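Analysis of the macromolecular model
The lines below spell out each chain.
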Amino acid sequence: MAYDDLRSFLETLDKEGQLLHIAEEVNPEPDIAAAANAAPRLGDAAPALYFDNVKGFTDARIAMNVHGSWANHALALDLPKGTGTKEQVEEFIRRWEEFPVAPERRDNPPWAQNTQEGDDVDIFQVLPLIRLNDGDGGFYIDKAAVVSKDPEDPEHSGKQNVGIYRIQVKGKRKLALQPVPMHDIAQHLRKAEETGEDLPVAITIGNDPVISIVASTPMAYDENEYELAGALRGTPAPIAEAPLTGLPVPWGSEVVIEGVIEGRKRELEGPFGEFTGHYSGGRSMTVIRVDRISYRTNPIFEHLYLGMPWTEVDYLIAANTCVPLYQQLKKDFPEVRAVNAMYTHGLVAIVSTKKRYGGFAKAVGTRVLTTSHGLGYAATVIVVDEDVDPFNLPQVMWALSTKMNPSGDLITIPNLSVLELAPQAQSPGIVDKLVIDATTPVEPDRRGNYSTQVHDLPETAEWLTRLQRLSAGR
């Protein structure tokens, strides 16, 4: 089934044994973040967490780790919760082929039940805000879908953007947002500021599970996230019009915050414990003036813990980082077999490919760096043969151990762009990138001695299926 809101998905997680209701009273800090930090360590079937007895809050409901396991990710895509990682990526690719599926506009969104406007806006009355890590510079909203439009072409639905960005709460109606230069919202803001305008935004919290997935997918600038949501759901994504800005927002959100990014205005934001497993430090960031908040009665605050991987964010952005890279590479190089870009937002990407001729793998690796994702994220690319599964790390390590010769298989490209959060960059936003060719040399490349590689016995695949069946029946 396709989920139209967060609550229906939480119900399914509960029925599937994938929701842990913490009924005992907990401290807002550090208990909630510490529990969300710990949950993914329960393994690939770790549950979501639901807190509704938070000390100091009279009426708080907080959901954590909603996408924080492969089991939960599978259920979000309406797959059996035991579906494996590689199979989920393959299904994501299959559904992407149905893109675009136009969204469906609906009336009477549940988030329209309550409203705060103008000077009456007080985000602290609506959300039970907590810090995630000890060194955070304040309260953050970090799993919201932020909606904006290209101010030069506002009627072009493809040039609208739905993205997840870190948002610091600076006051009861003031927020700070980090627009990474590689992201669409940064282009929208640049265009607005060039004409002396503010940029209207709608920030939606507590969304259906597919909206969170597409909002963290590195799509092309003119591709519509709601149209991808429809393809992944197998049915049009429900949207509604935000009353103040007119922006299209998810119909089933718990909270919709509307306002503007104030043009040419910056304030100190941070530090924040990021997906890199490091604090990002304080930086000068954009300022949002909140003009309206609409929210469901008794809203659920969906929050996301970030820190040293793996945490929920790593499950959330895993498949949806692999698939766009695969699609883009496949257009140029049909030989590409699979892409694994699951690690730390795809700062490392592993690509398996057939080869046309000597040096071909290096060409594939360098192409990764010029994709929409690679421009800002991919810092290291490992290229392996077509018979190496990039999702099987022992096989990848075998390829690195036996195929890669540092004298000719390491290609370093200096001074390329990377997101400023990457801690390995000596100058924020600039890093040397590395392509590792761990493939078997082919003509006219005659290095090494690879004429006697051992291959799987022909009956191995059949026996694997047989052993799995026997093991499951024990």
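The structure this text deals with has already been given above.
Residues numbered from 1 in each chain as written. Predicted model: local features only at pLDDT ≥ 70, side-chain atom pairs only at ≥ 80, totals over all residues. Heavy atoms only, no water.

A few words on the environment of I123. Here I123 shows up in helix α5 (residues 123–126). Discounting residues that sit within four places of it in the chain, I123 has contacts with L129, I141, V169, G171, K172, L175, I257 and I293. (Helix = DSSP H or I, 4+ residues; strand = E, 2+ residues; numbered from the N terminus. Contact = heavy atoms within 4.5 Å.)

Our next topic: the sheet that holds strand β13 (residues 248–250). Taken in spatial order, the three strands make up an open sheet running β4-β12-β13, and their pairing is mixed. The sheet is open, and its two edges are formed by β4 (104–105) and β13, each paired on a single side. Taken together, the two bridges between β4 and strand β12 (residues 238–241) define a ladder with parallel strand orientation. Looking at β12, one finds that E104 is bridged to P238. (Pairing = 2+ DSSP bridges.)

A separate point is the pairing of strand β7 (residues 145–148). Alternating residues of β7 divide into A145 and V147 and V146 and S148, and every residue in both groups is buried. Pairing geometry for β7 and strand β8 (residues 161–164), over four bridges, is antiparallel. Across the sheet, V147 pairs through a bridge with V162, a residue of β8. Of the pairings in the sheet, the one linking β7 to strand β11 (residues 199–205) comprises three bridges and is antiparallel in character. Note on β11: the bridge partner recorded for V147 is A202. (Buried < 20%, exposed > 50% of the residue type's maximum accessible area, 1.4 Å probe, protein only.)

One open sheet accounts for five strands, arranged β17-β18-β19-β21-β20; its pairing is mixed. With one partner strand each, in any of the chains shown, β17 (336–343) and β20 (410–417) form the two edges of the open sheet. The sheet shows a mean angle of 20° between the axes of neighbouring strands, direction not considered. In this structure, strand β19 (residues 380–385) lies alongside strand β21 (residues 430–438), joined through five bridges in parallel fashion. Each residue of the ladder has a partner; that of I382, found in β21, is I436. (Axes fitted to C-alpha atoms, helices over the stretch in contact; angles between N-to-C directions.)

Moving on to the nonpolar core. With 104 residues, the main nonpolar core has F51, M64 and L419 as its most contacted residues. If one sorts the elements of this core by residue count, helix α10 (residues 319–332) sits on top with six residues. With 28 residues, the next largest nonpolar core counts V121, V146, L177 and V255 among its residues. (Core = buried A, V, L, I, M, F, W, Y, C linked by side-chain atoms within 4.5 Å.)

Our next topic: the packing of α10 against helix α11 (residues 360–368). Across the interface, α10 lies against α11 with an axial gap of 11 Å and an inter-helix angle of 135°. Considering their axes alone, α10 and α11 lie oblique with respect to each other. Pair α10 / α11 crosses with right-handed handedness. Judged by residue contacts, L325, L329 and D332 of α10 engage V364, R367 and V368 from α11. The residue makeup of the contact of α10 with α11, split by class, is four nonpolar, no polar and two charged. (Parallel < 35°, antiparallel > 145°, perpendicular 65-115°, else oblique. Left-handed = near helix turned anticlockwise from the far one by under 90°. Nonpolar A, V, L, I, M, F, W, Y, C, P; charged D, E, K, R; others polar.)

This paragraph deals with helix α6 (residues 184–194). Within α6, eight of the 11 residues are buried, which leaves the element mostly enclosed by the surrounding structure. Those residues of α6 that sit buried are D184, I185, A186, H188, L189, K191, A192 and E193. Immediately beyond the C-terminal end of α6, within one or two residues, lies G196, with a positive phi of roughly 75°.

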